[in-house]
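# Secondary and tertiary structure notes
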Amino acid sequence: MPSPSPDRPLALSELLHTLLEQQRISPDDYRQCHAPTDDSVHPLEQIAALGLNDRRRPGQSLDLDTLCEWLAEQAGLPYLRIDPLNLDLAGLTGLMSAAFARRHGILAVAQDAHSVTVASAQPFVRAWEADLGLVLKRRIQRVLASPAQIRQLSQECFHLARSISGASHLDTPGEGVGNLEQLLDLGNNTHEADANDAHIVSIVDWLLQYAFDQQASDIHIEPRRDQGRLRLRIDGVLHEVYQFPPPVTLAVVSRLKSLGRMNVAEKRRPQDGRIKTKAPSGDEVELRLSTLPTTFGEKLVMRIFDPRLLHSDFRQLGLDGDELERWHAMLRQPHGIILVTGPTGSGKTSTLYTTLKHLATPQINLCTLEDPIEMVEPAFNQTQVQPGIDLGFANGVRALLRQDPDVIMIGEIRDLETAQVAIQAALTGHLVLSTLHTNDACGAIGRLLELGVAHYLIRATLVGVMAQRLVRTLCSACKEAQMQGYRAVGCRVCRQTGYRGRTGLYELLSMSPALKTLLQADTDQQALREQAAREGMRSLRLSGAQKVADGLTTVEEVLRVAP
């Protein structure tokens, strides 16, 4: 493409002509693309909206990312697909005003001591470059980025920066009850930011929308002496996103506690709450809140429960083949106990809810007892334990047994009393599902014995155990084949991690007659594992090896999570 003169914006006709010359579009498409256009829309966005076939890539269209990469190559600039997680939002928004960025359609995306990297979607407009370099006294490095990304992120970043600035009317940490290092500032009678202040409301709205956009599973808000910290867990890994001034951190936590119907004034005790809201897609999302007093104030963690989990099938969770058949065989039993085991964050909730959704038919009375209720589902009869009124797991199960249940789900077996009422329910003709925290499937039997459950009761009631872990799946856009499986490479789609999404590894122990004979008061777990392996049980690592062979993940990822 011939380089236009400086400060000449891109023209739709010129871009289409160059695409035709390079045989990226057909002559027919070229002739049909000269309808009247909207000058307020970037030419690349107008072309992308047409959905033209890319003749260099049969079967694929010229989407906005492809067009931006093409334009960057024509202009001799690097192309950047901006990752919001990699932006220093607080530092970058201070480099230029929102009006200047909006007027020129630019956004600062990185900086160091000597240069500032600025993203633009107009590679041949340069007038702003000298002015900005003069003000910042640093070299300007240009990259080309999507006009839609620049517009959206610029609006969000500067809006957030204004809200933070408006809420930060304290220069010192707020005097919260939970702060063990309170500073007496003589003569300063100001108080921490109001949780109902419009700026705080705006910050919380941005925080939740941002977490939904990034497909985070957890939001961590952590108070610190100098700056509060916001982190998101994405695909099992925590990413630091933003730092808030201490008074803003406290106000954000107070705002979220208020939304979660928690006691805002109580800052010395841990509390639990929940929020129901909507994601950008329009789907309702459940958030479970948990606060914990720390040195510098209350730490808040929000777990995001995607409602799609209730509508996913077992194969979407990574459970298929022989393991799926064995799981269905367990669920067909009319009574007994089925356990799902694994550490926190191993996907037990997703597996249980998908299983309950599978079991919940109009002919079945399905009751759950949870602490807390993870996701509200109309097909179940859900009860939350409340220790304050003596409604624990054990008392709750006793009450459920008088409700004519067919299937009972107990959130977790934590003590002997709960284990005993679960066994009693199984002995009286109910199917009971629950969870335990153990490393593998056979370890669940050892755990029950440690709690004090008699071995003959385990033998009489235990149908089977599923142990599970979650591994990150390889990014389909950049994974690279090797002699043995695939390796993680990293691209713009997966934020250079090489992974995108997660799948489950499963180890299923079905209690056969041979295994039941090995159940004694001093059961040898190694002998159990060997017998189970002879009967077809695959360990978590063998399950992971199958996922590696299928090209879904890597050996390193399996070794990271599987014992």
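Because the structure is a prediction, the values reported are computed rather than measured.

### Considerations on the environment of Leu317
Counting through the fold element by element, Leu317 comes out in the loop between β9 (297-305) and α11 (321-331). For Leu317, a relative accessible area of 12% gives the class buried. A C-alpha to C-alpha distance of 20 Å links Leu317 and Glu556, two positions 239 residues apart in sequence.

### Section: unusual backbone geometry
One non-glycine residue, Lys137, lies in the positive phi region at around 55 degrees. When you line up the elements, Lys137 lands in the loop between α7 (127-136) and β3 (139-144). Overall, Lys137 belongs to the exposed group, its relative accessible area being 73%. Of note in this structure, Arg261 is not a glycine but carries a positive phi near 55 degrees.

### Brief notes about the packing of helix α8 (residues 147-167) against helix α9 (residues 198-213)
Where α8 meets α9, the closest approach of the two axes is 9 Å, and the angle between their N-to-C directions is 145 degrees. Between α8 and α9 lies a crossing of left-handed hand. Packed against α8, whose contacting residues are Gln152, Glu156, His159, Leu160, Arg162, Ser163, Ile164, Gly166 and Ala167, the element α9 presents His199, Ile200, Ser202, Ile203, Trp206 and Asp213 at the interface. Across the contact of α8 with α9, the residue classes break down as six nonpolar, six polar and three charged.

### Description of the UniProt feature "domain: Bacterial type II secretion system protein E" (unreviewed entry) in the protein chain
Here, the residues flagged by UniProt with the feature "domain: Bacterial type II secretion system protein E" (unreviewed entry) are residues 401-415. Annotated as residues 401-415, this span is 0% helix and 27% strand, and its ends, taken at the C-alpha atoms, are 19 Å apart.

### Description of the packing of aromatic side chains
Across all of its chains, the model carries four aromatic pairs by this definition. Ring geometry for Tyr353 and Phe380: centres 6.1 Å apart, planes at 45 degrees, overall tilted. You can see Tyr353 sitting in helix α12 (residues 348-359) and its partner Phe380 sitting in the loop between β11 (366-370) and β12 (381-384), a full 27 residues away along the chain. In terms of burial, Tyr353 and Phe380 fall into one category: buried. Through a chain of ring-to-ring contacts, three or more aromatic side chains come together here, namely Trp206, Tyr210, Tyr242 and Phe244. Lys479 extends its terminal NZ or CZ atom over the ring of Tyr486, reaching a point 4.7 Å from the ring centre.

### Re the pairing of β11
By the criterion of burial, β11 is predominantly enclosed, with five of the five residues buried. Here β11 pairs with strand β13 (residues 407-410) via four bridges, running parallel. For Leu369, the partnering residue across the bridge sits in β13 and is Ile410. Across four bridges, β11 lies against β12 in parallel orientation. Bridge pairing in β12 places Glu370 opposite Gln384.

### Details of helix α14 (residues 416-427)
Between its first and last C-alpha atoms α14 spans 16 Å; for 12 residues at 1.5 Å apiece the expected length is 16 Å, and the two agree. Buried within α14 are the following residues: Thr418, Ala419, Val421, Ala422, Ile423, Ala425 and Ala426. Contacts from the buried residues of α14 go to β10 (336-341), α13 (393-400), β13, β14 (431-436) and α16 (455-461). The backbone nitrogen of Glu417 lies 3.4 Å from a side-chain oxygen of the residue at the head of α14, namely Asp415. Of the residues flanking the end of α14, it is Gly429, one or two places downstream, whose phi is positive at about 95 degrees.

### What to know about the pattern of salt bridges
Inspection of every chain in the model, using the stated rule, returns 25 salt bridges. Arg31 is the partner of Asp28 in a salt bridge, and the nearest nitrogen-oxygen pair spans 2.3 Å. A residue pair is termed a helical-turn pair when its members lie 3 or 4 positions apart in one helix, as Asp28 and Arg31 do in helix α2 (residues 27-32) at three residues. In this structure Asp28 comes out as partly exposed when scored by relative accessible area, which is 45%. The salt bridge involving Lys257 is made with Glu298; its shortest N-O contact spans 2.8 Å. One end of the pair, Lys257, is in helix α10 (residues 246-259); the other, Glu298, is in strand β9, with 41 residues separating them in the sequence. Take Lys257: its relative accessible area is 0%, and that puts it in the buried class. Within the structure, one salt-bridge network assembled from shared partners comprises Glu222, Arg224, Arg229, Arg231 and Glu240.

### Considering α13
If you check which residues of α13 are buried, you get Phe393, Ala394, Gly396, Val397 and Leu400. End-on view of α13: buried residues confined to an arc of 165 degrees, all on one side of the axis. On its buried face, α13 sits against β11, β12, β13 and α14.

### Some remarks on the sheet that holds β9
As summarised here, the arrangement of the six strands in space is β6-β5-β4-β9-β8-β7, forming an open sheet in which the pairing is antiparallel. Each edge of the open sheet is held by one strand with a lone partner, namely β6 (237-244) and β7 (271-278). Pairwise comparison of adjacent strand axes, ignoring direction, gives a mean angle of 20 degrees for this sheet. Where strand β8 (residues 284-294) lies against β9, nine bridges are found, and the strand directions are antiparallel. Note that in β9 the partner of Leu287 across the bridge is Ile304. Across the sheet, α10 is in contact with β4 (218-222), β5 (228-234), β6, β7, β8 and β9; its angle to β9 comes to roughly 50 degrees.

Cut-off values and rules
- Residues numbered from 1 in each chain as written.
- Predicted model: local features only at pLDDT ≥ 70, side-chain atom pairs only at ≥ 80, totals over all residues.
- Heavy atoms only, no water.
- Helix = DSSP H or I, 4+ residues; strand = E, 2+ residues; numbered from the N terminus.
- Buried < 20%, exposed > 50% of the residue type's maximum accessible area, 1.4 Å probe, protein only.
- Axes fitted to C-alpha atoms, helices over the stretch in contact; angles between N-to-C directions.
- Left-handed = near helix turned anticlockwise from the far one by under 90°.
- Contact = heavy atoms within 4.5 Å.
- Nonpolar A, V, L, I, M, F, W, Y, C, P; charged D, E, K, R; others polar.
- UniProt positions renumbered as here; feature names shortened; annotations may be inferred.
- Phe/Tyr/Trp six-rings, centres within 6.5 Å; stacked < 30°, edge-to-face > 60°.
- Lys NZ or Arg CZ within 6 Å of the ring centre and 35° of its normal.
- Pairing = 2+ DSSP bridges.
- Expected span 1.5 Å × (residues − 1).
- Polar contact = N/O pair within 3.5 Å; in protein donor to acceptor, adjacent residues only side chain to side chain.
- Salt bridge = Lys/Arg side-chain N within 4 Å of Asp/Glu carboxyl O.
- Arc of directions from axis to C-beta.

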